[in-house]
Amino acid sequence: MNGALLLALALRPGYGLEGTLVLRHPLWFLLLSLLWMLIAQTFDAYDPRVVAKFSSSARSVLQAGLITAGVYLLIPYVTPPLPTSRSALLAFPLFAVGALLAGRGFYRVVMTQPALRRRALIIGAGWAGRTIAEALAEHGDGTYQVVGFVDDDPAKWGRGAWEPGSRGEFTSAPLHLRTSAPLPPGTSAHPLVLGNRYSLPALIRQHRVDTLILAITHEVNGELLQILMDCLELGVEIIPMPVLYEQLTGRVPVEHVGSNWYVAMPLSHPLTRTFNRMIKRAMDIVLASLGMLFLAPFLPFIALAIYLDSPGPIFYTQERVGEGGRIFKVYKFRSMVPDAEKGRAVWAQENDPRVTRVGRILRKTHLDEFPQFLNILKGEMSAVGPRPERPEFVEELAREIPFYRVRHAVKPGMAGWALVKYGYASSKEDALIRLQYDLYYIKHWSPWLDLVILLKTVVDTLTLRGRA
């Protein structure tokens, strides 16, 4: 992006293609870099699943590049003066798109070379081992080449990968046939169990292994620890399966942490620090105040539309579980027919017949959630956080899903990492996946992450990606 700006400026009178321009006007390039990183994250330009295919990667950088260039050109005073020529004005976005597409093409050609992939050996051929192998195939972008598994069960030695959904039963089905993602180039179609823990040093030398992935859920005993230390002396890296899975997917695999519970538990997450909580609260107050000002002129029209379509209350309140397990009432525009649940809690479904015509529009644009700006000002919610769930569902889910109540360590939010990455939950299975995203958000919170989530939510709103 910065190279494209330099080229575009070189076409304007008074400028030349010179690197000293960066030193004379550093703010021009710092601002462009910040804008690009923020908008690129919003359009998933660095998501491994997007980068894995050139078509999706090109589409992502094309969208992000054009929007970044457009926004940059509209910012006055701290960016280069606008040129008088239309061709000079269009040069920057055109150069930006060309440079980005060329960069992604170069990445695909160079980074998929076998010499640059890390050769990985997975310790543990059970459910966790299969899960991380599938995650590498779907999200790894060809960075890792799985050469095989290691397991102490002699019955598994020399056998191939197993069917998805099983927890240890093997089959010869190729890995790429058991996942929606293509197998990374160079990965063996039949990753085998090559031996047990005692063969690890020999296997590392034989297969030139760079990375050991520890996919076991029980405690590492003294004997295995000593073997792993011997492997470290051979120059390999050792990474626990939950940590790598989290890096690849942006989710915490709560069902695979086993005795390593501290991997899932955000014991000292950023929002335990007073300064961070003050920053987040200040952001909440500013954003909620702006949101209420934005909503005010449209409120009479929304209220009239709701009433004419389905006579009844305009607003809808419902009990939800907030920070620390406290119960509070969440405010929403009514999007369903009155008394839609008939006294019992029911999961909302896709294309739910209880949703009114106006309610469908409100849900698609997330406008039904806008009254929650009041919840934010009251301190019951945050602009970004795990979506608040109903007490009836929380009790049930907490019994069945490990670490479920940990999501109550922070305030619930209007927008959330799970919401922009996965969507709304309509079942227990959805709730598990959303919990994985929620725990990732709690562990890795930052103002930057909140800003990315908010921008992704705005994009979802403008493109009508809300609930049907």
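I will try to describe carefully the structure that is included in this document. Every chain's residues receive numbers from 1 upward, in the order its sequence appears when written. It should be noted that, the model being predicted, local features are given only for residues of pLDDT at least 70 and side-chain atom pairs only at 80 or more, the latter also being counted only at that level, while totals for whole chains, interfaces and linings use all residues. Note that the side-chain values use all heavy atoms of the structure and ignore hydrogens as well as water.

### Brief notes about the packing of helix α1 (residues 2-10) against helix α3 (residues 26-42)
Applicable threshold: Every axis corresponds to a line fitted to the C-alpha atoms, with the helix fit spanning only the stretch in contact, and the corresponding angles, defined between N-to-C directions, vary from 0 to 180 degrees. Working definition: helices are DSSP H or I runs of at least four residues, strands are E runs of at least two. Numbering for both runs from the N terminus. Small angles under 35 degrees read as roughly parallel and large ones over 145 as roughly antiparallel, with 65 to 115 read as roughly perpendicular and the rest as oblique. Two helices cross in a left-handed way if the nearer one is turned anticlockwise from the farther one by less than a right angle. They cross in a right-handed way if the turn is clockwise. When checking whether two residues touch, look at their non-hydrogen atoms; a contact exists if any pair is within 4.5 Å. Three classes are used: nonpolar for Ala, Val, Leu, Ile, Met, Phe, Trp, Tyr, Cys and Pro, charged for Asp, Glu, Lys and Arg, and polar for all others, with Gly counted as polar.
Where α1 contacts α3, the axes come no closer than 10 Å and their chain directions differ by 135°. Our classification of the angle between α1 and α3 gives oblique. The two elements α1 and α3 cross, and the hand of that crossing is right-handed. Where α1 abuts α3, its residues N2, L5, L6 and L9 lie against W28, F29, L32 and S33. Here the contact of α1 with α3 is composed, by residue class, of six nonpolar, two polar and no charged.

### Remarks on the side chain of S310
Residue position: S310 is located in the loop between α12 (299-309) and β6 (315-321). Excluding its chain neighbours within four sequence positions, the residues that come into contact with S310 are R334, V337, P338 and T356.

### Considering the pairing of strand β1 (residues 118-123)
Under the convention used in this document: To sort residues, take the accessible area from a 1.4 Å probe on protein chains only and compare it with the maximum for the residue type: under 20% means buried, over 50% means exposed, and anything in between is partly exposed. Two strands pair under a simple rule: DSSP has to find at least two bridges between them. Consider the strands pointing away from the viewer: the crossover is right-handed when the path from the first strand over the helix to the second runs clockwise.
Extensive coverage of β1 is indicated by the burial of five of its six residues. Two strands pair when backbone bridges link them, and β1 and strand β2 (residues 144-150) are joined in this way by six bridges, in the parallel orientation. Across the sheet, the residue bridging to A120 is V146, located in β2. Between β1 and its parallel partner β2, the chain crosses via helix α7 (residues 127-139), and the hand of that crossover is right-handed. The pairing of β1 with strand β4 (residues 211-214) spans four bridges and is parallel. Residue pairing in the sheet places I123 in a bridge with L214 of β4.

### Comments concerning the sheet that holds β1
Read from one edge to the other, the open sheet built from five strands follows the order β3-β2-β1-β4-β5, with strand pairing classed as parallel. In this open sheet, the two strands that pair with only one neighbour each are β3 (193-195) and β5 (237-240). Across the sheet, the mean angle from the axis of one strand to that of its neighbour is 35°, orientation sign disregarded. Pairing of β2 with β3 involves two bridges; the strand directions are parallel. Residue pairing across strands places F149 opposite V193, the latter belonging to β3. α7 contacts β1, β2 and β4 of the sheet and is inclined by roughly 165° relative to β2. Contacts between helix α9 (residues 222-233) and the sheet are confined to β1, β4 and β5, with β4 contributing the most and set at about 160° to the helix.

### A look at the side chain of N375
Looking at the element boundaries, N375 is found in helix α14 (residues 372-377). Setting aside chain neighbours within four positions, we find N375 in contact with F328, K329, V330, Y331, E380 and M381.

### A look at the layout of surface pockets
Quick note on the threshold: Site definitions follow a grid-based scheme: protein atoms alone, a 1 Å grid, a 1.4 Å probe that fits but cannot get out for cavities, and for pockets an open set with protein on both sides within 12 Å along at least five of seven lines, plus lining residues having an atom within 4 Å of a point. Grid points are joined across faces, edges and corners, and a volume is the space filled by probe spheres set on the points.
Estimates place the volume of the second largest pocket at around 550 Å³. What lines the second largest pocket is a set of 18 residues, and nearest its centre among them are F370, F373, L454, T457 and V458. Contributions of two or more residues to the lining of the second largest pocket are made by α11 (274-295), β9 (413-415) and α18 (447-462). Here the lining of the second largest pocket gets five residues from one element, more than from any other, and that element is α18. Its residues placed into classes, the lining of the second largest pocket shows 13 nonpolar, four polar and one charged.

### Things to note about a nonpolar patch on the surface
Defined as follows: Distance thresholds for patches are 9 Å for like charges and 5 Å for nonpolar side chains (Val, Leu, Ile, Met, Phe, Trp, Tyr), applied to residues having over 30% relative accessible area and no salt bridge. The method behind every accessible area is Shrake-Rupley, applied with a 1.4 Å probe, and residues are considered shielded solely by the protein chains displayed. We define a salt bridge as a contact between a side-chain nitrogen of Lys or Arg and a carboxyl oxygen of Asp or Glu at a distance within 4 Å.
A cluster of nonpolar side chains, L7, L11, L17 and F95, forms an exposed patch at the surface whose accessible area comes to about 390 Å². In this fold, L11 is placed in the loop between α1 and α2 (20-24). Under the relative-accessibility criterion, L11 is labelled exposed at 53%.

### With respect to the pattern of salt bridges
Inspection of every chain in the model, using the stated rule, returns 19 salt bridges. We note a salt bridge from R326 to E323, for which the minimum N-O separation is 4.0 Å. For E323, a relative accessible area of 13% translates into the label buried. Here K428 makes a salt bridge to E400, at a shortest N to O gap of 3.1 Å. You can see K428 sitting in helix α17 (residues 428-443) and its partner E400 sitting in helix α15 (residues 391-400), a full 28 residues away along the chain. Residue classification places K428 among the partly exposed positions, given a relative accessible area of 31%. Taking the relative accessible area as the measure of exposure, E400 reaches 49% and is therefore partly exposed. Here the salt bridges share partners, and the residues they tie into one network are D44, D47, K421 and K456.

### Observations concerning the environment of L287
Position of L287 relative to the elements: it lies in helix α11. The class for L287 is partly exposed, based on a relative accessible area of 30%. In contact with L287, other than residues within four places in its own chain, are F373, A383 and L454.

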